[in-house]
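Listed below are the residues making up each chain.
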Amino acid sequence: MTDELRPPAEHRYAAELAALAGRDAATGAAIPPGWRLSPKAVRAFTIGDPQLGVSRKFYGDDPLVDRAIVSLLGRQGLMLVGEPGTAKSMLSELLAAAISGTSTLTIQGSAGTTEDHIRYSWNYALLIAEGPSERALVPSPVFQAMASGRLVRFEEITRCPPEIQDTLVSILSEKQLMLPELGDEARVWARPGFNVIATANLRDRGVHEMSAALKRRFNFETVRPIRDRSFETQLITQALDAELGPQRPLVPMPVMDVLVTAFADLRGGTTATGTPVKRPDAVMSTAEAVNVAIASSMAARYLGDGTVHAGEIAQQLVGIALKGSEDDARLIRHYVDNVVRERARGSREWREFFNAAEGLWR
Amino acid sequence: MAGVLQRRRGAVALTPPRLNRALESLRRWREAGVYLVPIRHHSPGCSRALTALLHEVRPTTILIEGPREYTALLGALGDAATRPPIAVLSIADDRSAFYPLADFSPEWVALRWGTSHGADVDFIDQSWAARSDDDPGAAVRTLQAEHHLARSTAIAALASQLGCRDHDEVWEHLFELRDATQADDWRTFTAEVLAWAALARLEADREVLDADGTHAREAVMAAMLARHRATAEGPIVVVTGAFHTLALLEAMDDTPEGRWVTGRDPGPLEVERPAWLIRYDHTRLDGLRGYGAGMPAPGFWHRAWQGQPTADGGRALTIEVLLDVADRVRADGGLLSSAEVTAAGEHALQLAAVRGRAWPGRTDLTDAMLTCFVHDDTGLSGALGAAIDTVFAGTILGEVPPGVAAPPLVAEARALAQQHRFVVTDATSHRVSLDTHRSPKHRARREFLATMRFLNLGFCRQLGGPDLIAGSNLGSLFEEWDYAWTPMVEAALIEASSRGATLAELRRRAVAELLYDEAATAATVTRLLTELVLMGATAELAPVLTALRQCYDTDSSLASLTASLTRLLVLRAEAGRYSLGEADAQVAALIQAGLDAAAFQLLPLADVDADGAGAACEAIVSLHSVVRRLDARPSELSDLDAADTHAVHRELTRLREARRAPARLHGCLVALASTTGEIVQVALEAEIGAHLNVGTDPDRVAGFLLGLMQAAPDVILHNPDVLELLNARLGDFDEEAFLRILPDLRLAFTWLRPSETASVATHVATLTGASVAQLDAVLHLDPALAAKAWDVERSLVTSLRDDGLLALMGGQP
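Helix and strand counts for chain A stand at 17 helices and 9 strands. Every one of the 362 residues in chain A was classed for burial, and the buried ones make up 45%. Long-range pairs, those at least 24 residues apart, make up 71% of the contacts in chain A with a sequence separation of at least 6.

Below, the structure written as structure tokens:
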């Protein structure tokens, strides 16, 4: 047993990876230079292979997995884009674990990411004591991946300022990194197996643009949200238990259904019966649905009767919407007019939702 | 032979006993000289295997799944001048169907091999006229529908196991994208196709196949096969959809399941019915996909059939397709570098390798383009999506030999015209007056006229009377039309035959085209709805109603939404002239959806600029009248109790309170609110006073007044105080400011009728202390001076004429 909260994929699925490597060896499958597994084995690792007891880990878009693997075989990097909560990072972790045997060569992008995080920095004590030397150099994950021919993951690349993102441009095209401090000829070059998997959010607030030069060096894959409502219900319930403990206010199933349905409608741009819905700019991710559920539970516990009602869901949902622009509020108002009113005729929960939402506009 | 599909990616582990027997039977009958070839329609893979089989077996008899009556067309089909894509057109009662053939269709390969090698070729399927309609209401029907394969849960499960998107990709993966050896190994190929189709066949219950006519058709096929077996002197090749092969084998083996088919009376086997050979094109072939037939992307498969992708692993084909797409994107102004095209080519080849395919197919190419050409999250849309659609659908048009019989659309239109007592024996213009309110016969005549007008055949036009499309003359009783059966009408009908075989079909197609038009708006779709109702086509309203519902969610133009709502109200109010049928309740629901959509579009109007304010006011005024009409609930709309105008009222109030809105819009909304009593007199005066306050920007005053007058001139007419205030305010402006807003002021007062203008003028005159008479502009002229001027003019003209200069001046010489 490990006391690590969440071990990396290569540890969690070590047995599966070994089984797949074993089959590659047995069948003599061609393994690309620098890779630990054949492309078909990487595919099987991601989308499952019942015959070998390999579980499915990524749901919903098998052709995307094919395309992603093929992209990593080539010169281009792989850019996974999509809304928050669509398992982009998980896919990137799985691919890195299967292809390179490690998913921990990772840069976690933020507004504070600097060029040093992408190239290399120094152990300043050693630098001062010895001057620039290999010993004093602290290699970045990119540096290490190049030197060892493995995949490096760059999470949330659009959270970094564009000039920092662009550090990758020359690395991706020249596949080498100059080390002028160590002498004129000093450089580290990429060994076979090196590539970059970046994840990015193109639409969230607070993200930066990507330069055309950088875009050209990546193949883009859009990961779409999970459309299975019962799966989402399960996720939200788990999150509520984790956040508020088992003594949390009761969220009756019909109320949970209102929450999940409203989020799915507004996120997907259509109801389950096909009525089109206008999508707000605000992120209607599962994570936001969890926030609404938590806030409603709090309201129910401290201000209500201890049980979450659909009216509380509506009030919190409006909070999510109004946090965005006036346009979003208008879109949700239209959703209430166009979809909720019809449902309110036949359902007590939706009626509560409708009444609460109506009262919030004036 | 067990587990034939196992070879490829370990797909199917269990082989049902019934399939095992069929596979064994397939082999046994082959040895006896009967070669059953299960195919998928328009599959180049099947055509390739079939070609190999024909060259090896050299049959003396070739039997093809196609209506019995097509045998009469073998001469034209075998003619050297016939070039695919072509289609055979069948008509029975009021429905028709196409039997298209591309150069890569197995049926085409079989029949051309047969006619050129002197084999006995025969079509063995049930006559189209005897077949039950399995898709009522379809705009287009095909005789090669593959609904069972598309709906099969077993094939869907196989798709998810193989990581394929749908049954089309499963088919490509398993059968099209093979290497040369596998592709030409027709023995294995036919066995595997049989197994694939059996996945769907074994799911289908006997009752389902009885009910949808499959068994009835197979009874005819089995009887024809038995007949040929009795007389044929050499090998027999039977080319049918793979779904039927199992049944034919069981029928020949006389198994219990075989008796489901052979136990039925096949009916008469000799059928003489007309059928027509017409030109067809790949785009339309691709379009049939929506109706359950054939593989997607005929343009791509045509290239694959013409080239030899198995020879070079699909390299040349991949490059050709990618370059063609890139050319089209570039021609459309898009940017695609050669590096990106190269990358996509490599990507496609590698994808095919990862997926275990011998060469890149349709999905590998689209996936590669998605990865390498798209650098954001928009997917295959815009110019790229359009280019891919064009290249994959293909643009080739077929040829039929000269002299083949003209299609029967002309005769149908003529017969219908006569049936409705229109004169078609001369080409002169005739006039009719139709009482559509009271006479069902007149209504039927109008329906015919409306159909001919809708199809743009140049036959007729409406001259007067109630015009529901324009929404005019609704009070009058008689519809006035004129019409003429000219040669141009016949020419237009012949021309139209390639789009549809009957008037009803032409109409369905035109409707579908209008609905899929990107420019379709709520207003145009509602117009279409009205036209269909006038044509009496109530059974065809469903897709239009659905499309209109969608338009309400996509159309952002308040003018279009309001026009649509107005039309819908007219449609309900004039319901005595036609039947809305079951659509009646849906129209009521649509009015509600339209109101909500219009409410949604109101608030953005606060941001229109001054130029757009006039149009915005116009739309708001008509929306307001729609809402007032619904709120008043006149008797003909009384069942619209459900119509809830609350959202519109709420958003109108929000818009009125939005201070950033242009003055004209504000004036308009204030006036409207006062007419419904939403704001009381005192509040109205306060609003007007605020806008006419000293120091207000003159443009804002003029804009406010314009809006006020556009929406409700009564506000000025019946409120002397307001007029006084206005007069005083205008008097405060300096001359420059006054002249600047003068055009707007003039425009504002044009909304008054002349008598109202006079009344306002009288009042203003009183206010300014002038008399009404003084306001009339009277020109006083000295008669002596006028006579003198006239003399000068006359002598000048005379002098110019004498000098021959008048023409140069532009006068009459």
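Attention shifts here to the overall build of chain B. In terms of helices and strands, chain B carries 38 helices and 10 strands. For chain B, the residues scored as buried account for 45% of the 813 residues in total. In chain B, once contacts between residues fewer than 6 apart in sequence are set aside, the share between residues at least 24 apart is 76%.

Below, the discussion takes up the sheet that holds strand β8 (residues 430-434) of chain B. Residue and element names in this part refer to chain B. If you trace the 3 strands from one edge of the open sheet to the other, you get β8-β10-β9, paired in antiparallel fashion. Each edge of the open sheet carries a strand with a single partner, namely β8 and β9 (460-464). Recorded for the sheet is a direction-independent mean angle of 30° between the axes of neighbouring strands. Sheet analysis places β8 next to strand β10 (residues 479-483), joined by 5 bridges and oriented antiparallel. If you follow Arg431 over to β10, its bridge partner there is Asp482. Its contacts with the sheet place helix α21 (residues 440-454) against β8, β9 and β10, and it is angled at close to 120° to β9.

All names here are of chain A. Pairing is parallel in the open sheet, where 5 strands are placed in the order β2-β5-β8-β1-β9. The open sheet has two edge strands, β2 (106-108) and β9 (218-222), and neither has a second partner. When the angles between neighbouring strand axes are averaged without regard to direction, this sheet yields 15°. With 3 bridges connecting them, β2 and strand β5 (residues 151-155) associate as parallel partners. Within β5, the residue paired with Ile107 across the bridge is Phe154.

This part takes up the nonpolar core. In terms of nonpolar packing, the biggest core is built from 285 residues, with B:Leu194, B:Ala197, B:Val238 and B:Leu708 touching the most fellow members. Excluding its chain neighbours within four sequence positions, the residues that come into contact with B:Val238 are B:Val34, B:Tyr35, B:Leu36, B:Val37, B:Leu63, B:Leu225 and B:Leu248. Ranked by size, the runner-up nonpolar core spans 38 residues in total, among them A:Ile236, A:Phe263, A:Ala310 and A:Ile313.

With 14 residues, helix α23 (residues 503-516) of chain B extends 20 Å from end C-alpha to end C-alpha; this agrees with the ideal 20 Å at 1.5 Å per step. Taken together, the buried positions of α23(B) are B:Leu503, B:Glu505, B:Leu506, B:Arg507 and B:Val511.

Taken together, the contacts link 29 residues of chain A with 28 residues of chain B. The greatest single-element share of the side of chain A that touches chain B, amounting to 8 residues, is contributed by helix α4 (residues 62-73) of chain A. Residues of the side of chain A that touches chain B, tallied by class, amount to 10 nonpolar, 9 polar and 10 charged.

All names here are of chain B. Mean pLDDT over chain B: 86, with 92% of residues reaching 70 or higher. Across residues 1-13, where pLDDT falls below 50, the model places 26 contacts with residues more than four positions away in sequence or in other chains. The ipTM value of the predicted complex is 0.70, and its pTM value is 0.66.

This part covers unusual backbone geometry. All names here are of chain B. In this chain, Pro84 is followed by Pro85 through a cis amide linkage whose omega measures 5°. Position of Pro85 relative to the elements: it lies in the loop between α3 (74-78) and β3 (86-92). The phi dihedral of His42 falls on the positive side, at around 60°, and the residue is not glycine. Looking at the secondary structure, you find His42 in the loop between β1 (34-39) and α2 (44-57). Judged by the 29 C-beta atoms lying within 10 Å of it, His42 falls in the buried class. Non-glycine residue Asn473 carries a positive phi angle of around 55°.

With that out of the way, let us pick up the packing of helix α12 (residues 229-244) of chain A against helix α14 (residues 286-302) of chain A. Residues and elements named next belong to chain A. One can describe the packing of α12 onto α14 by two numbers: an axis separation of 10 Å at closest approach and a directional angle of 50°. Considered as vectors, α12 and α14 are oriented oblique to each other. Seen from above, α12 lies across α14 with right-handed handedness. Residues Glu232, Leu235, Ile236, Ala239, Leu240, Glu243 and Leu244 of α12 form the contact with α14, whose own contacting residues are Thr286, Ala289, Val290, Ala293, Ile294 and Ser297. Here the residues of the contact of α12 with α14 sort into 9 nonpolar, 2 polar and 2 charged.

On to the packing of helix α30 (residues 663-675) of chain B against helix α32 (residues 698-711) of chain B, then. All names here are of chain B. Running from amino to carboxyl end, α30 crosses α32 at an angle of 40°, the nearest separation of the two axes being 6 Å. Relative to α32, α30 is oriented oblique. As α30 packs across α32, the resulting crossing turns out to be right-handed. On α32, the residues touching Ala663, Arg664, Leu665, His666, Gly667, Cys668, Val670, Ala671 and Leu672 of α30 are Arg700, Gly703, Phe704, Leu705, Leu706, Gly707, Leu708, Gln710 and Ala711.

Taking 1.5 Å as the rise per residue, helix α27 (residues 583-602) of chain B with 20 residues should run 28 Å; its terminal C-alpha atoms sit 28 Å apart, in good agreement. Most of α27(B) is tucked away: 15 of the 20 residues are buried.

A word on the environment of B:Val544. Residues and elements named next belong to chain B. With respect to the secondary-structure elements, Val544 resides in helix α25 (residues 541-554). As a C-alpha pair, Val544 and Val525 span 19 residues in sequence and 6.9 Å in three-dimensional space. With residues up to four places along the chain from it excluded, the contact list for Val544 reads Val511, Leu515, Val525, Leu528, Leu529 and Leu532.

Quick look at the environment of B:Phe749 now. On the secondary structure map, B:Phe749 appears in helix α35 (residues 735-749). Setting aside chain neighbours within four positions, we find B:Phe749 in contact with B:Met709 and B:Thr757.

Where a strand is regular, its side chains alternate between the two sheet faces. All names here are of chain B. In terms of residue burial, strand β5 (residues 120-125) counts as a mostly covered element, since 5 of its 6 residues are buried. Direction of pairing for strand β2 (residues 61-67) relative to β5: parallel, over a ladder of 5 bridges. Pairing of Ile62 across the sheet is with Val121, part of β5.

All right, on to the environment of B:Phe704 then. Residues and elements named next belong to chain B. Tracing the chain through its elements places Phe704 in helix α32. Accessibility expressed as a C-beta count within 10 Å gives 27 for Phe704, which makes it buried. The contacts of Phe704, once residues within four sequence positions are left out, are Ala663, Arg664, His666, Gly667 and His691.

The rules behind these values
- Residues numbered from 1 in each chain as written.
- Chains lettered and ligands numbered in written order.
- Predicted model: local features only at pLDDT ≥ 70, side-chain atom pairs only at ≥ 80, totals over all residues.
- Helix = DSSP H or I, 4+ residues; strand = E, 2+ residues; numbered from the N terminus.
- Buried ≥ 20, exposed ≤ 12 C-beta atoms within 10 Å, placed from the backbone.
- Contact = placed C-beta atoms within 7 Å.
- Pairing = 2+ DSSP bridges.
- Axes fitted to C-alpha atoms, helices over the stretch in contact; angles between N-to-C directions.
- Core = buried A, V, L, I, M, F, W, Y, C linked by C-beta atoms within 7 Å.
- Expected span 1.5 Å × (residues − 1).
- Nonpolar A, V, L, I, M, F, W, Y, C, P; charged D, E, K, R; others polar.
- pLDDT = per-residue confidence, 0-100.
- Parallel < 35°, antiparallel > 145°, perpendicular 65-115°, else oblique.
- Left-handed = near helix turned anticlockwise from the far one by under 90°.

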